[in-house]
Amino acid sequence: MSDAASLLDVDGLQAWYGESHILHGVTFHVLPGEVVTLLGRNGAGKTTTLKSIMGIVGQRTGSVRFDGAELIGRTSDQIARAGLAFCPEERGIFASLNVEENLLLPPQVRPGGLDVAAIFTLFPNLKERLRSQGTKLSGGEQQMLAIGRILRTGARLLLLDEPTEGLAPVIIQQIGHTIRALKAQGFTILLVEQNFRFASTVADRYYIMEHGRVVEQFANAELEANLDKLHEYLGV
Amino acid sequence: MISIFGIPSQALFGQLLIGLINGSFYALLSLGLAVIFGMLNIINFTHGAQYMMGAFVAYLVLQYLGLNYWVALLIAPILVGLTGVIIERLFLKRLYQLDHLYGLLLTFGLALIIQGVFRNYYGSSGLPYQVPELLRGGQNLGFMFLPNYRAWVIFFSLVVCLGTWFVIERTRLGAYLRAATENPTLVRAFGINVPRMITLTYGFGVGLAAIAGVMAAPIYNVSPLMGEDIIIVVFAVVVIGGMGSIMGAIVTGFALGLIEGLTKVFFPEASNTVIFVIMAIVLLIRPAGLFGRAT
């Protein structure tokens with residue numbers, strides 16, 4: 001499935017946590033400017049796929065090519081400097097840093113990131129809370145901070161792990177709006193979601209994962225035709 | 001003669017001054033331990049030996065190179081910090097995934113080796129180190145006599161402690177350190193070279209011990225065992241303040257020096273044990289330490 005024009009090309013990716021073999025050869029690609037969603041049940045390997053791309057799982061083999069360059073074998077700080085940014089499922093807001101320090105923490109890895117004013121346009125709430133301790137924010141504000149802070153870095157590919165988890169519908173709408181705005185600004189986004197209703201409002205294409213493999217893929221236009229299959233895979 | 005609570009004021013202020021001096025060293029040393037523990041999760045039992053090495057650098061560069069106290073104050077932390085960088089790269093970095101006990105055993109073993117080597121060459125009786133010329137003499141404050149060098153120790157210790165606090169709590173670099181203390185994996189995934197930051201943090205913490213060592217040289221003499229004597233008390237200070245708390249280490253260091261001084265005036269028999277009694281009480285009431293965050 002390799003495509004010469006892909007921004008991200010994952011091929012036969014395997015990963016282990018200690019003794020447990022989690023990914024058994026994951027293969028997919030993301031084109032520049034696309035929003036691609038990994039769907040699947042809990043434990044299917046979606047989060048591990050993102051972490052393997054970022055180089056933060058113990059052991060991995062196979063190939064992850066970003067913009068033509070191989071990332072397997074690089075450390076996670078080197079991978080980030082290649083132009084990828086990761087927003088973890090648990091959001092990773094630092095309790096010992098205030099909102100402003102959290103926002104300014106990730107260093108700029110390439111030119112072309114959003115400036116702070118543009119981030120406040122996307123997330124006006126953050127501007128009011130700059131001096132607050134990072135973890136004193138509401139869940140929705142923490143998610144906005146977690147996404148906002150990786151927009152400054154100049155990374156072209158954003159890896160978002162379940163950005164809607166545990167959030168109120170109105171906040172989920174705002175996150176969806178943000179993802180579409182980011183796509184319009186040229187960001188490429190790889191999204192992990194359980195909530196395919198939400199994913200369908202932002203994604204161009206889907207890959208379905210099961211037991212550490214990609215088992216199915218289709219475009220957003222094919223979503224309705226694939227609903228039965230989707231229900232079966234997701235068990236909803 | 002004026003007296004306070006039946007104690008001659010000369011004696012009271014004299015002991016308070018000694019307490020403040022000791023507190024200056026407790027604060028500097030426990031600050032280094034706190035910085036190292038926060039970032040490396042290792043209890044650096046080599047700290048006392050590194051403090052001693054700082055004092056020896058001052059002694060040796062004076063003996064063999066004719067370099068004075070002020071130069072020593074600059075190069076001792078750099079040299080000893082470099083040995084810390086080597087220790088971290090060679091040994092400590094292999095221990096982060098393991099139980100605390102391994103770090104404790106390794107750093108304790110290193111301390112014994114370093115102290116043994118120095119004792120082999122320099123014996124265990126202290127070597128004298130002169131107070132720098134600029135700071136000889138003292139001020140008569142009316143109620144007490146304040147030697148200039150002791151005033152300098154208190155002043156400079158405060159400057160170094162508060163400077164370190166400022167860098168860690170108020171700057172971008174400090175934000176990296178605090179964030180990496182909480183979640184090193186994520187900070188690294190943002191593109192920051194966390195292993196290098198850890199190495200430099202250890203070097204810095206060790207450098208703080210060396211600064212304390214240089215400052216101690218004119219007061220306590222230079223002896224291979226000087227670190228062993230003070231480090232036990234400093235560990236009690238760190239436990240009282242709370243492992244990993246920067247301001248906690250500084251405040252507790254000075255406060256316990258003062259309490260120890262006061263105890264010498266009012267109940268001299270307890271002066272050697274008062275810090276450990278306080279430690280036991282704090283551990284009963286607040287196991288995470290006065291400034292520590294319960295985890």
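The structure presented is a predicted model; accordingly, all values stated were derived computationally and were not measured.

Enquirer: Mind showing me how you'd approach helix H6 (residues 139–151) of chain A here?
Expert: In an α-helix, one full turn covers 3.6 residues, which means residues spaced three or four apart are oriented alike. Residues and elements named next belong to chain A. The end-to-end C-alpha separation of H6 is 19 Å, in line with the 18 Å expected for 13 residues at 1.5 Å each. Counting buried residues in H6 gives twelve out of 13 residues, a clear majority hidden from the surface. Among the residues making up H6, those that are buried are Gly140, Glu141, Gln142, Gln143, Met144, Leu145, Ala146, Ile147, Gly148, Arg149, Ile150 and Leu151.

Enquirer: I keep staring at the sheet that holds strand E4 (residues 59–66) of chain A and nothing clicks. Help me out?
Expert: Consider a sheet: its strands pair through backbone hydrogen bonds, and that pairing is either parallel or antiparallel. Residue and element names in this part refer to chain A. The antiparallel open sheet is built from four strands, whose spatial order is E2-E1-E4-E5. This sheet does not close on itself; its edge strands, each paired only once, are strand E2 (20–30) and strand E5 (69–70). With respect to the sheet, helix H1 (residues 46–54) is in contact with strand E1 (8–17), E2 and E4, its orientation differing from that of E1 by roughly 105°.

Enquirer: Even after reading the chapter, I still don't get the environment of A:Ser76, so can you show me in this structure?
Expert: With respect to the helices, strands and loops of the structure, A:Ser76 is situated in helix H2 (residues 76–83). In this structure the C-alpha to C-alpha distance between A:Ser76 and A:Ile53, which are 23 residues apart in sequence, comes to 8.8 Å. Other than its neighbours up to four places away in sequence, A:Ser76 contacts A:Met54, A:Gly55, A:Ile56, B:Arg188 and B:Ala189.

Enquirer: Looking at this structure, how should I read the interface of chain B and chain A?
Expert: Listed by partner, the interface residues are 17 residues for chain B and 23 residues for chain A. Of the roughly 1700 Å² buried where chain B meets chain A, counting both sides, 61% is carbon and sulfur surface. Seen at the junction of chain B and chain A, the total is two salt bridges. The partner of B:Arg188 in a salt bridge is A:Asp77, and the shortest N-O contact between them spans 3.0 Å.

Enquirer: Please explain the nonpolar core as it appears in this structure.
Expert: Across soluble globular proteins, you tend to see nonpolar side chains buried next to one another. Within the largest apolar cluster, 161 residues are counted, with the highest numbers of intra-cluster contacts made by A:Leu8, A:Phe28, A:Leu84, A:Leu151, A:Leu158, A:Leu190 and B:Phe25. Per element, the largest residue contribution to this core is 15 residues, and it comes from helix H8 (residues 194–220) of chain B. Contacts of A:Leu151, omitting those with residues within four sequence positions, involve A:Gly113, A:Leu114, A:Ile119, A:Leu122, A:Phe123, A:Leu158, A:Leu182 and A:Phe187. A:Ala203, A:Phe218, A:Leu230 and A:Tyr233 belong to the second-largest nonpolar core, a separate cluster that totals twelve residues.

Enquirer: How do you make sense of the side chain of A:Glu101 when you look at a structure like this?
Expert: Note that A:Glu101 resides in helix H3 (residues 99–104). Overall, A:Glu101 belongs to the buried group, its relative accessible area being 18%. In this view, A:Glu101 contacts A:Ser96, B:Glu169, B:Ala175 and B:Arg178; residues no more than four positions away in its chain are not counted.

Procedures and definitions
The written sequence of each chain sets the order in which its residues are numbered from 1. Here chains are named by letter from A upward and ligands by number from 1 upward, in the order in which they appear as written. The predicted origin of the model limits local features to residues at a pLDDT of at least 70 and limits the giving and counting of side-chain atom pairs to 80 or more, whereas totals for whole chains, interfaces and linings rest on all residues. Hydrogens and waters are ignored; side-chain quantities use all the structure's heavy atoms. Only DSSP runs of H or I covering at least 4 residues are called helices, and only runs of E covering at least 2 are called strands; the numbering of each starts at the N terminus. Multiply 1.5 Å by the residue count of a helix minus one, and that product is the helix's expected span. Using a 1.4 Å probe on the protein chains alone, a residue whose accessible area is under 20% of its type maximum counts as buried, one over 50% counts as exposed, and one in between counts as partly exposed. At least two bridges found by DSSP between two strands is the condition for calling them paired. In what follows, residue pairs with any heavy atoms lying within 4.5 Å of each other are defined as contacts. Axis definition: a line fitted to C-alpha atoms, over the contacting stretch in the case of helices. Angles run 0 to 180 degrees between N-to-C directions. Computed with a 1.4 Å rolling probe, the buried area is the accessible surface lost when two parts are put together, summed over both parts. By definition here, a salt bridge exists when the distance from a side-chain nitrogen of Lys or Arg to a carboxyl oxygen of Asp or Glu is within 4 Å. In this description, a nonpolar core means a group of buried Ala, Val, Leu, Ile, Met, Phe, Trp, Tyr and Cys residues linked to one another through side-chain atoms lying within 4.5 Å.

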